[in-house]
Amino acid sequence: MVDSSCSCKGASVAPLFRVIGDVGGEFTLDRCQRCGLVWDSPMPDEQLLNEAYQQDYYGSQTTKFNPIIEAWTRYSGRSRARALLRQHGKTDASQRVLDIGCGRGVLLAGFQQLGVESLGIERPGSGFEAIDGVETMTVEDLVRQGRKFDVIVLWHVLEHLPEPVQMLGQIELLLADDGSLFIEVPNFGSLQSRLFKKNWFHLDVPRHLFHFTPASLKQKLMGKDFETISMHTFSLDQNLYGFLQSLLNSIPLLPYNHLYTLLKPGASPWRMFLLLLYVPVVGVLSMLAVLELAVSNLFGSGAVISIHARKRNRENHD
Ligand SMILES: [Zn+2]
């Protein structure tokens, strides 16, 4: 079979397994035999994606989860912004940061607090333009305007895009020669992905169109003249929660992503009651989740792929 959604044109494709999407019924995950990239087949169309994103995916413009998790998310946004700038090597106010697919701007707010020039972009119609620093525009718009950025961030975004390789090409045009590109995506090659297959929480079909392994992501970056400066697969929250929810998803009769749905805002008494029932279950399963975190981290097969890349041959441009 050569009907490929991968940029490796003409490479053969192998089906891996079937997944039931939140909407759109059943999908097959297909893998490119040349680079290892995996994608949903059939590829979800625009109409299906609109339906998938309408399902309260983003949460309201200010909150997505209950207050405790929300506070943790905001704190993580700040410390992540600080860590990324440190990795970039320059933290002064002249640094221009672009957060592509910034959502409700959690990471963007972190950058703003650090005083760097920050722009977040979201797709038109997402309703985030009311948030400070967020504009609904495309990368193509920025390229047309001749804009340049010192730091470009794609945080759990690349897997949502119908043309990820084309996006990397646009980023190449937007990134300053000594700039940093930071990408984080779920790790399809992770221990938890291998353990739970179709029940893996971070598959998120049909919103995630592509599923990357460290090798396939690096290959796509290299194809666009980026070199990987550093890579890790560790993420405390993505790892722990990913394991926990995937394990719960593997229990027959329990609704898919049930706990995740309960954690969203809107606390009815019934919901609170169900959440309380989860407390002892989560307590016990958390020990397994910590064990999985330790083991997967030891073997470099954690739940995410977090990459710091720079343009190759950038010396020539300086
Ligand atoms: Zn390929």
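For the structure itself, look to the data block above.
Every value quoted in this text rests on a predicted model; they were computed, and no experiment measured them.

Draft legend 1. Geometry of the overall build of the chain. When helices and strands are counted, the chain shows 10 helices and 11 strands. What you see for the chain is a C-alpha radius of gyration of 19 Å, in line with the 20 Å of a compact globule of 318 residues. Overall, the C-alpha framework of the chain stretches about 60 × 50 × 40 Å when taken along its three principal axes. Taken across its 318 residues, the chain has 36% of its residues classed as buried. The contacts in the chain between residues at least 6 apart in sequence include a share of 71% that link residues at least 24 apart.

Draft legend 2. Highlighting the environment of Phe 182. For Phe 182, the location among the structural elements is in strand E8 (residues 175–186). If sequence neighbours within four positions are ignored, Phe 182 has contacts with Leu 84, Val 153 and His 308.

Draft legend 3. Region of interest: unusual backbone geometry. Put simply, Ser 41 and Pro 42 share a cis peptide bond, and its omega is 0 degrees. With respect to the helices and strands, the residue Pro 42 is situated in the loop between strand E3 (38–41) and helix H1 (46–54). Omega for the peptide link from Val 205 to Pro 206 comes to 10 degrees, which places this bond in the cis form. Within the fold, Pro 206 resides in the loop between helix H6 (191–196) and strand E9 (210–211). The phi dihedral of Leu 253 falls on the positive side, at around 75 degrees, and the residue is not glycine. Looking at the secondary structure, you find Leu 253 in the loop between helix H8 (236–249) and helix H9 (258–262). For Leu 253, a count of 4 C-beta atoms within 10 Å gives the class exposed. The phi torsion at Asn 257 lies on the positive side, around 55 degrees, for a residue other than glycine. If you trace the backbone, Asn 257 turns up in the loop between H8 and H9.

Draft legend 4. Region of the structure containing the nonpolar core. Counting 60 residues, the largest nonpolar core has Leu 37, Leu 107, Ile 152, Val 153, Leu 174 and Leu 181 as its most contacted members. No other element matches strand E7 (residues 149–155), which puts six residues into this core. In contact with Leu 107, not counting residues within four places along its chain, are Gly 77, Arg 80, Ala 81, Asp 99, Cys 102, Val 153 and Trp 155. Formed by five residues, the second largest nonpolar core is a distinct cluster that contains Phe 243, Leu 244, Leu 248 and Ala 289.

Rules of the game
Every chain is numbered on its own, with residues counted from 1 as its sequence reads. Since the coordinates come from a predicted model, pLDDT governs what is reported: local features require at least 70, and pairs of side-chain atoms require 80 or more to be given and counted, while whole-chain, interface and lining totals use all residues. A run of DSSP states H or I qualifies as a helix once it reaches four residues; a run of E qualifies as a strand once it reaches two. Both are numbered from the N-terminal end. Using C-alpha atoms as the atom set, the radius of gyration is obtained and then compared with a globule rule of 2.2 Å times the number of residues to the power 0.38. For every residue, the other C-beta atoms within 10 Å of its own C-beta are counted; 20 or more classify it as buried, 12 or fewer as exposed, and values in between as partly exposed. C-beta atoms are placed from the backbone. Remark: residues whose backbone-derived C-beta atoms lie within 7 Å of one another are considered to be in contact. Definition of nonpolar core: a set of buried Ala, Val, Leu, Ile, Met, Phe, Trp, Tyr and Cys residues joined via C-beta atoms within 7 Å.

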